[in-house]
Number of protein chains: 2
Amino acid sequence: MTVDQRDPTPLYQQLATILRAEISSGKIADKLPSESYLQQRHGVSRGTVRRAIEILAAEGLVYTIGARGTFVRQR
Amino acid sequence: MTVDQRDPTPLYQQLATILRAEISSGKIADKLPSESYLQQRHGVSRGTVRRAIEILAAEGLVYTIGARGTFVRQR
DNA sequence: GAGAATTTGTACGTATGTATG
DNA sequence: ACATACATACGTACAAATTCT
């Protein structure tokens, strides 16, 4: 699953939705891929990746640590 | 009051703090100046202005309408 | 421990789209 | 038609912290 450039929905929202699904399905279990990986994987800019992650962080789904990465909040 | 480029605090945070103060003091009463005005006024980029406003919006202090502007939430 | 590579954080600039006045 | 203003998305550059070799 990846982003659809023709969909009028903002790309960062689409990406947030995708990542949210991959987290709840357990496909992403503890650590998110790096921003640069996600950027290439989905064909969007790093800024868009960061916006998507910001949304998930605001939802309390993930948290990111300095230069280490973004992690799934365990429950 | 404006932003201090030598302060290690992120410029958008500094700006958010400044705007928050100007709102609570009543200096900014109903409508925020335009992004381009704030950009010039504080010597930062438009992106930085927008980040600052995002913070205040997340706090529920202001809200922005489409292409009209950003407004102080009345209470 | 030293140095390189990786990863996130901040900041800037530009372009395009859409809505309002 | 035009100017203004916000929204999204791209790109670049550098800093700082961490991780790898």
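The structure reproduced in this document is the subject of the present report. Keep in mind it's a predicted model, so treat the numbers as computed, not measured.

1. What to know about the protein's contact with DNA strand C
Step number 1: In the neighbourhood of DNA strand C, 18 residues make up the surrounding shell, with A:Glu35, A:Arg46, A:Gly66, B:Leu11 and B:Thr48 lying closest.
Step number 2: In DNA strand C, the atoms that sit within 4 Å of the protein are 72% sugar and phosphate, with bases accounting for the remainder.
Step number 3: Taking A:Thr64, its side chain carries an N or O atom lying 3.1 Å from a phosphate oxygen of DNA strand C.
Step number 4: In the model, a phosphate oxygen of DNA strand C is placed 2.5 Å from a nitrogen or oxygen of the B:Thr48 side chain.
Step number 5: In the surface near DNA strand C, the residues fall into 6 nonpolar, 7 polar and 5 charged.

2. Describing the environment of A:Thr2
Residue and element names in this part refer to chain A.
Step number 1: Counting through the fold element by element, threonine 2 comes out in the segment before helix H1 (11–24).
Step number 2: A relative accessible area of 36% means that threonine 2 is categorised as partly exposed.
Step number 3: Expressed as a C-alpha distance, the spacing of threonine 2 and arginine 73, which sit 71 residues apart in the sequence, is 23 Å.
Step number 4: Contacts of threonine 2, omitting those with residues within four sequence positions, involve Ile18, Arg41 and His42.

3. Topic: the pairing of strand E2 (residues 69–72) of chain B
Residue and element names in this part refer to chain B.
Step number 1: Because side chains alternate across E2, one face comprises the buried residues Gly69 and Phe71, and the other comprises Thr70 and Val72, equally buried.
Step number 2: In the sheet, strand E1 (residues 62–65) pairs with E2 via 4 bridges, with the strands oriented antiparallel. The residue of E2 that forms the bridge with isoleucine 65 is glycine 69.

Conventions adopted
Residues numbered from 1 in each chain as written. Chains lettered and ligands numbered in written order. Predicted model: local features only at pLDDT ≥ 70, side-chain atom pairs only at ≥ 80, totals over all residues. Heavy atoms only, no water. Near = heavy atom within 4 Å. Polar contact = N/O pair within 3.5 Å; in protein donor to acceptor, adjacent residues only side chain to side chain. Nonpolar A, V, L, I, M, F, W, Y, C, P; charged D, E, K, R; others polar. Helix = DSSP H or I, 4+ residues; strand = E, 2+ residues; numbered from the N terminus. Buried < 20%, exposed > 50% of the residue type's maximum accessible area, 1.4 Å probe, protein only. Contact = heavy atoms within 4.5 Å. Pairing = 2+ DSSP bridges.

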